[in-house]
Amino acid sequence: DTRRTVFYSLDNEPDLWSATHPRIHPTPVTYAELIARNIEYGDAIKRVAPQAKVLGFVSYGWAGYVSLQNAPDGANRDFLDTWLDAIAAHGTQTGTRPVDVLDLHWYPEATGGGQRVIVPDASGDVAAARVQSPRSLWDSTYSESSWITKDSTHGPIALIPRVRDKIARRAPGMQLAFSEYYYGGGADISGAIAQADVLGIFGREGVFAATLWPLADDLTFIKAGFAMFRTAGGVFGDTSIHADSDHVDQVSVYAGLDYGLWDRMTIVLINRSTQAR
């Protein structure tokens with residue numbers, strides 16, 4: 001269908017190739033190799049499909065963003081910075097960037113009661129951590145309990161603003177996607193709260209594309225989180241408008257209008273506390 005833009009993803013989680021595909025790539029990928037491959041294949045796609053959207057480098061998670069999973073040629077360079085610089089420089093040289101969208105995976109490392117929130121478990125500590133963990137996508141005042149905040153950031157992650165700032169400084173105009181994400185708790189209300197909150201955040205923060213990647217079979221409550229935006233009371237507006245909460249640890253709010261139909265506003269209110277608000 002010539003009316004639709006085709007997305008091309010440059011492989012999957014290359015930072016883990018030596019672990020997940022050892023027969024094909026037995027040694028850890030290097031900065032130099034991955035950047036060269038992304039440029040080569042991105043250019044090839046653009047030559048035959050110039051209108052396509054190319055997504056890369058499709059990292060598995062935080063250690064991939066920072067060091068390409070401790071790549072042997074890292075030399076303490078931040079990999080995202082290095083990658084963005086190289087993609088932008090090549091685009092300036094040739095007139096066409098080989099990659100349009102920085103694509104990351106995000107499976108939260110946040111824990112409650114010693115368990116990661118991505119598990120199905122919905123006991124009190126895990127559920128409490130799960131409903132707060134979406135704040136790590138944006139909130140510069142929130143520091144989750146995880147190895148990332150303890151050993152790497154030494155404070156709040158604020159992932160989307162952090163990455164958006166890197167893009168603005170190094171490759172302006174590049175879009176951001178999360179082609180895999182999952183917050184767990186599919187059989188519990190905490191899973192619905194986290195999922196609805198994440199959708200609101202992705203929309204408000206201008207994320208280009210995102211894909212739920214379930215790690216369990218029961219998604220009953222996660223689907224309910226989607227329903228809040230897609231079916232419950234009508235579809236959420238296509239134009240985000242400013243909405244704020246004085247107590248984001250307890251309540252999130254997202255609001256939208258439909259472009260050109262300014263007499264209809266949709267509002268999603270999320271109570272992540274254990275009491276009525």
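Values in this document were obtained by computation on a predicted structure and should not be read as measured data.

Enquirer: So what exactly am I meant to see when it comes to unusual backbone geometry here?
Expert: What is expected of a backbone is that most residues other than glycine have negative phi and most peptide bonds are trans. G56 connects to F57 through a cis peptide bond whose omega is 0°. Residue D11 is not a glycine yet carries a positive backbone phi of 65°. Relative to the helices and strands, D11 is located in the loop between strand 1 (7-9) and helix 1 (17-20). Judged by relative accessible area, D11 falls into the partly exposed class, the value being 48%. With a phi angle near 50°, A75 is a residue other than glycine that sits in the positive phi range. Tracing the backbone through its elements, the reader meets A75 in the loop between helix 3 (62-67) and helix 4 (79-94). Residue A75 is classed as exposed on the basis of its relative accessible area, which comes to 65%.

Enquirer: I keep staring at the packing of aromatic side chains and nothing clicks. Help me out?
Expert: Centre distance and the angle of the planes are the two values used to describe a pair of aromatic rings. Under the defined criterion, the tally for this structure stands at 10 aromatic pairs. Ring geometry for F57 against W83: centres 5.8 Å apart, planes inclined by 50°, an arrangement best described as tilted. Of this pair, F57 sits in strand 2 (residues 53-59) while W83 is found in helix 4, placing the two residues 26 residues apart along the sequence. Of the two residues, F57 and W83, both sit in the buried class. Between F178 and F202, the ring centres sit 5.4 Å apart and the planes meet at 10°, which makes this aromatic pair stacked. On the criterion of sequence distance, the pair formed by F178 in strand 6 (residues 175-181) and F202 in helix 8 (residues 189-204) is long-range, its members being 24 residues apart. A single burial state applies to F178 and to F202, both of which are buried. Put simply, the rings of Y31, F57, F79 and W83 pair up and form one aromatic cluster.

Enquirer: Please explain the nonpolar core as it appears in this structure.
Expert: Side chains of a nonpolar character, in soluble globular proteins, are inclined to be buried together. Membership of the largest hydrophobic core comes to 53 residues, with the highest contact counts inside it found for W83, L102 and W106. Here this core gets seven residues from one element, more than from any other, and that element is helix 8. Ignoring anything within four residues of it in the chain, the contact list for W106 reads W62, Y65, L137, I148, I157, L159, F178, E180, Y181, Y182 and Y183. Membership of the second largest hydrophobic core comes to eight residues, among which are Y107, A110, I118 and I222.

Enquirer: I would appreciate a short explanation of the sheet that holds strand 8 (residues 239-241) in the present structure.
Expert: Backbone-to-backbone hydrogen bonds join strands into a sheet, with any given pair of strands oriented parallel or antiparallel. Pairing in this open sheet of three strands is antiparallel, and the strands run 8-9-10 from one edge to the other. On the outer flanks of this sheet lie strand 8 and strand 10 (261-271), each paired with one strand and no other. Across the sheet, the mean angle from the axis of one strand to that of its neighbour is 30°, orientation sign disregarded. Bridging between strand 9 (residues 251-258) and strand 10 involves eight bridges; their strand directions are antiparallel. Following the sheet pairing, G256 is matched in strand 10 by T266. Relative to strand 9, helix 8 is tilted by about 50°, and along the sheet it contacts strand 8, strand 9 and strand 10.

Enquirer: What's the story with the environment of A158 in this structure? I'm lost.
Expert: Among the secondary structure elements, A158 is positioned in the loop between helix 6 (147-152) and helix 7 (159-170). Since its relative accessible area comes to 12%, A158 is described here as buried. The spacing of A158 and R23 is 135 residues in sequence and 37 Å in space, taken between C-alpha atoms. Setting aside residues no more than four positions away along its own chain, A158 makes contact with S136, L137, W138, D139 and S140.

What counts, and at which threshold
- Every chain's residues receive numbers from 1 upward, in the order its sequence appears when written.
- Note on the predicted model: pLDDT of at least 70 is required for a residue's local features to be given, and 80 or more for side-chain atom pairs to be given and counted; whole-chain, interface and lining totals, by contrast, use all residues.
- Side-chain calculation: all heavy atoms of the structure are included, whereas hydrogens and water are not.
- Only DSSP runs of H or I with at least four residues qualify as helices, and only runs of E with at least two residues qualify as strands; both kinds are numbered from the N terminus onward.
- A 1.4 Å probe rolled over the protein chains alone gives each residue an accessible area, and that area as a share of the maximum for its type sets the label: buried under 20%, exposed over 50%, partly exposed in between.
- Classification of ring pairs rests on two measures: the distance between centres of Phe, Tyr or Trp rings, Trp counted by its six-membered ring, which must be within 6.5 Å, and the angle between planes, read as stacked under 30 degrees, edge-to-face over 60 and tilted in between.
- What makes a nonpolar core is a set of buried Ala, Val, Leu, Ile, Met, Phe, Trp, Tyr and Cys residues whose side-chain atoms join them at distances within 4.5 Å.
- In this analysis, two residues are considered to be in contact whenever any of their non-hydrogen atoms come within 4.5 Å of each other.
- Each pair of strands is called paired provided DSSP finds at least two bridges between the two strands.
- Between the N-to-C directions of two axes lies an angle of 0 to 180 degrees, each axis being a line fitted to C-alpha atoms and, for a helix, fitted only over the stretch in contact.

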